[in-house]
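As a plain string of letters, each chain reads:
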Amino acid sequence: MARQKNDGRGRMGGRAKGTPNKVTSTLREWVSSLIDKNRRQIERDLKELEPKDRLQMLEKLMQYVLPKQQSSTVSIDKLSDEQLQAVVDELTKDIPTDMEELTKN
């Protein structure tokens, strides 16, 4: 008689729980080594790209280093005109409003 799922005798096959996938770990090590050995060439290649292309490449690479942020939305439909004006005033309080202040720097 064939074994049934959840018969109390453990896993039915495959890797034991917690055992890393050998192919994945080997591939990760190879890619990491390849990048490490070619770091200077990669930097030179990036410098040769047009600014727009360089920024696109850096953006693509950053997703592997920095966690993606969750987007958030704010509903301002429930604020009164006075509350909205207070928010705008707070956000713009340090922004120079006349040309003299803008040209000082």
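Scoring rules and cut-offs
Residues numbered from 1 in each chain as written. Predicted model: local features only at pLDDT ≥ 70, side-chain atom pairs only at ≥ 80, totals over all residues. Heavy atoms only, no water. Helix = DSSP H or I, 4+ residues; strand = E, 2+ residues; numbered from the N terminus. Buried < 20%, exposed > 50% of the residue type's maximum accessible area, 1.4 Å probe, protein only. Areas by Shrake-Rupley, 256 points an atom, 1.4 Å probe, with all protein chains shown as cover. Patch = residues over 30% accessible without salt bridge, like charges linked within 9 Å, V, L, I, M, F, W, Y side chains within 5 Å. Salt bridge = Lys/Arg side-chain N within 4 Å of Asp/Glu carboxyl O.

Asker: Please explain the overall build of the protein chain as it appears in this structure.
Answerer: The helix and strand inventory of the protein chain stands at five helices and zero strands. Burial statistics for the protein chain: of 105 residues in total, 1% are counted as buried. Entry remark: accessible area of the protein chain is about 10900 Å², with carbon and sulfur atoms responsible for 54%.

Asker: I'm lost on a nonpolar patch on the surface in this one. Help?
Answerer: Taken together, the side chains of Leu27, Trp30, Val31, Leu34, Ile35 and Ile42 present a nonpolar region at the surface, about 540 Å² in accessible area. Ranked by residues supplied to the nonpolar patch, first place goes to helix α1 (residues 22-37) with five residues. Position of Val31 among the secondary structure elements: in helix α1.

Asker: Please explain the pattern of salt bridges as it appears in this structure.
Answerer: Side-chain pairs of opposite charge can arise where the charged atoms are in close proximity. Using the criterion set out here, one finds two salt bridges in the structure. The closest approach of N and O atoms between Lys93 and Glu90, which form a salt bridge, is 2.8 Å. Here Lys93 falls in the exposed class, since its relative accessible area comes to 53%. Glu90 gets classed as partly exposed once you look at its relative accessible area, which sits at 48%.

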